[in-house]
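Analysis of the macromolecular model
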Amino acid sequence: MLTPPTIWEHAALLGHSRRDFLKFCSWLAAAAGLESSQVGQVVHALETKPRIPVVWFHFQECTCCSESFIRSSHPIVSDVILDKLSLDYTQTLQAAAGKQCEDALQQTMKKYKGEYLMLVEGSIPTGDDGVYCCINGRTALDICREAAEGAKAIVAWGSCASNGCIQAAKPNPTGATPVHKLITGKPIIKVPGCPPIGEVMAATVVHLLTFGTIPKLDRVGRPLAFYSRRVHDTCYRRPNYDAGLFVESWDDDNARKGYCLYKMGCRGPSTYNACAVTGWNGGTSFPIRSGHGCIGCSEENFWDNGPFYNRLTNFPGFGIEQTADKVGLAAAAVTAAGIGAHVALTAARKGGVIGEQERDAKEP
Amino acid sequence: MAKHIFRRVYLWEWPVRIYHWVTALAVVALAATGLMIGAPVAVMSTREAYAGYWFGTVRFVHFAAAYVFFFALLLRVYWLFVGNSHARWSAFIPVGRFGTFFREMWAVIRTDVLQLQKPPLDFVGHNPMAATTYAFIFLLSAFQIATGFALYAPMSAAWLPGLFAWVSPLMGGDAGVRLWHHAGTWVFLLFAAVHVYLVLYHDVVESRGELSSMVGGSRFVEHPAEHR
Ligand code: HEM
Ligand code: HEM
Ligand code: SF4
Ligand code: SF4
């Protein structure tokens, strides 16, 4: 049996120079947060280790994650990782279709049981026995469970697979569920975002392919290298925030001056992502640099944490457009009225008592 | 005129008094700075960002007051176990005397709130209604601390905030934590309004020296009421 080619062999086959390959290795090492002295290890691994088989599933999703991935700025990523040779199964990019495609999946799952990497894009509907997402006559739930069984590790691409995203927004009619709530006992790496940043996706999957280990994850299961800091902590508008210089409305002078977008509902202070560091589309820009606040796309429930242009989420249970402050002020008014009524009642009922005390005091 | 015989009773030991006033000041500072963090005032300034830091200062005051608030609560929690009978946990959780506790609570509501009953009730220490409310305030304080330090964890290198980082995933991320932290503020403000009103009410209407008891520690109790 032929051993599968290594990533270096693939790259060379596709016409990438040795120099390109080494640059790619340094880029990868930097992205994975390694020291420069460890670049050699990366090179060695990519030269010698056969590529891990990868299957990429598309469930309830919009394909924005795939779109983001193929725009990752490093050419070797798209060429090698996404090349039809490297991905054993992915309905959207694969040359094969229909039966051929499903056969390829079955083959990989059988042949590489316990070894393959499972990438999941999209949430999984669990309502009504999972009928809201079927592929080849089987529900996503069923396919996901079967594939997870023999997977070495699972990557949850994007907010859909990590936390449900828009499909799971209230009232979640299809019972859309993120992967980690359905699969247990397998390492699951979440790469949230709508979509996640291409470079972040690439670095995560290449880390897995290169080292065969799980990158360091945070408490929620996201790679620390990219999700340990808030957009707010690395935002270039931060000095304006600290100086209390805020955009007050979209077309004011402050907006033109590039002040902080906090009062326009920017979710940077509660969003963990690398946007302000890596930028988007090969580092061209990111939402805040383009003048729009962060909408918190990589955070759980971000669709329900609206409206996007209010600083605080609507207060639940009081209908739409009810902020905590509106509810608080109403409660304060009721409290004030209660105290007022009590004062009046006291004057009526206890006035005598106070008068008696006063008379008492005057008596010799 | 009837003779009134009063006796001085020492109720609030120094840790309770320290806790009380430190907390009262800290809560005022926290609520004021917190609401400012929630909705900063519009400053139309022509200065460059590097020339100002007022919002950073507001946040700094919030975090500094937060530590004070936290350690004051720790002191009070310690005193729940070693304090006198009015300060002990059993004054707030009436183990073994729930029946009387709730009967007396109902009497307090009838007398002080609905004023259906004229002769004033006097309790040495907290009345059951007050004790229950304070127990709730202790819990709410812990909640503000847990949510506050969870929000603070990513901006601080200290280990203490890090201890609360687990709160965030439970509440669906930092956005949810902020919402509930903000909501908690309103509960504190409403409590403070009613609390201060009731303290003044008892002081004015019943002349018990209620207010000064939290300063000097003792108040005067009319003789027959002493054993309630
Ligand atoms: C927002 C600020 C405040 C908070 C959070 C607060 C909280 C509390 C708590 C928890 C207790 C129970 C004490 C204990 O057993 O440890 C208490 C008692 C008391 N507080 Fe406050 N307090 C506040 C403001 C005030 C103010 C402004 C006054 C004065 C006007 C005041 C006067 C009193 C008095 C006299 C007691 C004793 C009440 C009793 O005997 O039932 N408090 N307060
Ligand atoms: C009675 C106690 C407290 C009150 C009333 C209070 C109030 C508030 C309010 C209203 C906000 C604004 C929330 C928003 O709209 O986003 C806030 C933010 C915050 N509070 Fe508190 N807080 C209290 C205690 C604490 C404590 C103990 C901590 C612990 C460190 C804390 C840390 C924070 C942090 C980190 C923020 C976010 C600030 C930022 O984004 O820069 N708070 N607080
Ligand atoms: S624009 Fe948003 S992320 Fe940037 S400093 Fe302001 S609030 Fe923070
Ligand atoms: S700035 Fe915020 S909303 Fe925009 S992509 Fe980044 S995390 Fe998502």
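One structure accompanies this document, and this report is about it. The structure presented is a predicted model; accordingly, all values stated were derived computationally and were not measured. Sequence order sets the numbering: in each chain, residues are counted from 1 along the sequence as written. Chain labels run from A onward and ligand labels from 1 onward, assigned in the order the entries are written. Residue-level local features of this predicted model are given only where pLDDT is at least 70; pairs of side-chain atoms are given and counted only at 80 or more, and the full residue set underlies all totals for whole chains, interfaces and linings. Neither water nor hydrogens contribute to the side-chain values; these are computed over all heavy atoms in the structure.

1. Thoughts on the coordination of the iron atom of ligand 2
Tetrahedral metal sites with four donors have an ideal angle of 109.5 degrees; octahedral sites with six donors have ideal angles of 90 or 180 degrees. Residues and elements named next belong to chain B. Only nitrogen, oxygen and sulfur atoms qualify as donors, provided they sit within 2.8 Å of the metal or within 3.2 Å for Na, K and Ca; with water excluded from the atoms, sites may seem incomplete. All of the protein donors around the iron atom of ligand 2 are His 62 (NE2) and His 181 (NE2); their distances to the metal are 2.0 Å. Only two sets of limits are used to name each site, 85 to 135 degrees for every angle of a tetrahedral four-donor site, and over 155 degrees for opposite donors with all other angles from 65 to 115 for a square planar four-donor or octahedral six-donor site, with any other site named irregular. Classification of the site at the iron atom of ligand 2 rests on its 6 donor atoms, whose angles at the metal span 84 to 179°, yielding the label octahedral. Note that His 62 is positioned in helix α2 (residues 54-82) and His 181 in helix α7 (residues 174-206), a separation of 119 residues in sequence. Given a relative accessible area of 11%, His 62 falls into the buried group. A helix here means a DSSP run of H or I that spans at least four residues, while a strand means a run of E at least two residues long, and both kinds are numbered starting from the N terminus. The buried label goes to any residue with under 20% of its type's maximum accessible area, the exposed label to any with over 50%, and the partly exposed label to all in between, with areas taken from a 1.4 Å probe on protein chains only.

2. Some points on the coordination of the iron atom of ligand 1
All names here are of chain B. Ligation of the iron atom of ligand 1 by protein atoms is provided by His 20 (NE2) and His 195 (NE2), these donors lying 1.9 to 2.0 Å from the ion. Given 6 donor atoms and angles of 86 to 179° at the metal, the environment of the iron atom of ligand 1 is assigned as octahedral. Of this pair, His 20 sits in helix α1 (residues 14-38) while His 195 sits in helix α7, placing them 175 residues apart in sequence.

3. A few points about the interface of chain B and chain A
The parts lose accessible area when they come together, and the size of an interface is often stated as this lost area. At the interface, 51 residues of chain B touch 50 residues of chain A. With both sides pooled, the region where chain B packs onto chain A buries about 4,300 Å², and carbon together with sulfur makes up 57% of that total. Definition used for salt bridges: Asp or Glu carboxyl oxygen within 4 Å of a side-chain nitrogen of Lys or Arg. The interface formed by chain B and chain A holds 1 salt bridge in total. A salt bridge links Asp 242 of chain A to Arg 59 of chain B; its shortest N-O distance comes to 3.7 Å. N or O atoms within 3.5 Å of each other form a polar contact, as long as, within protein, one can give a hydrogen and the other can take it, and as long as residues adjacent in sequence are counted only when both atoms are side-chain atoms. Linking chain B with chain A are 16 residue pairs in polar contact (both at pLDDT 80 or more). Every element with two or more residues in the side of chain B that touches chain A is listed here: α1, α2, α3 (98-113) and α7 of chain B. Contacts are residue-level and defined by heavy atoms, with any inter-residue pair within 4.5 Å sufficient. Joining two parts hides part of their accessible area as seen by a 1.4 Å probe, and the buried area is that hidden amount summed over both.

4. Remarks on the site of ligand 3
We call a residue near a molecule or strand whenever a single non-hydrogen atom of that residue lies within 4 Å of it. Around ligand 3, the structure places His 232, Cys 235, Arg 237, Arg 238, Tyr 241, Cys 260, Leu 261, Tyr 262, Cys 266, Gly 268, Pro 269 and Ile 288 of chain A. Here the shell around ligand 3 is built from residues that sort into 8 nonpolar, 2 polar and 2 charged. Think of it as three bins: nonpolar holds Ala, Val, Leu, Ile, Met, Phe, Trp, Tyr, Cys and Pro, charged holds Asp, Glu, Lys and Arg, and polar takes everything else, Gly as well.

5. Regarding the site of ligand 2
Ligand 2 sits among 26 residues. The nearest are Arg 311 of chain A together with Arg 59, His 62, His 181 and His 182 of chain B. One chain alone does not account for the residues near ligand 2; they come from chains A and B. Tyr 241 of chain A has a polar side-chain atom sitting 3.2 Å from an oxygen atom of ligand 2. A distance of 2.8 Å is found between a nitrogen atom of ligand 2 and a side-chain nitrogen or oxygen belonging to His 181 of chain B. Elements that contribute at least two residues to the shell around ligand 2 include exactly α1, α2, α4 (128-152) and α7 of chain B. Residue composition of the shell around ligand 2, grouped by class: 15 nonpolar, 8 polar and 3 charged.

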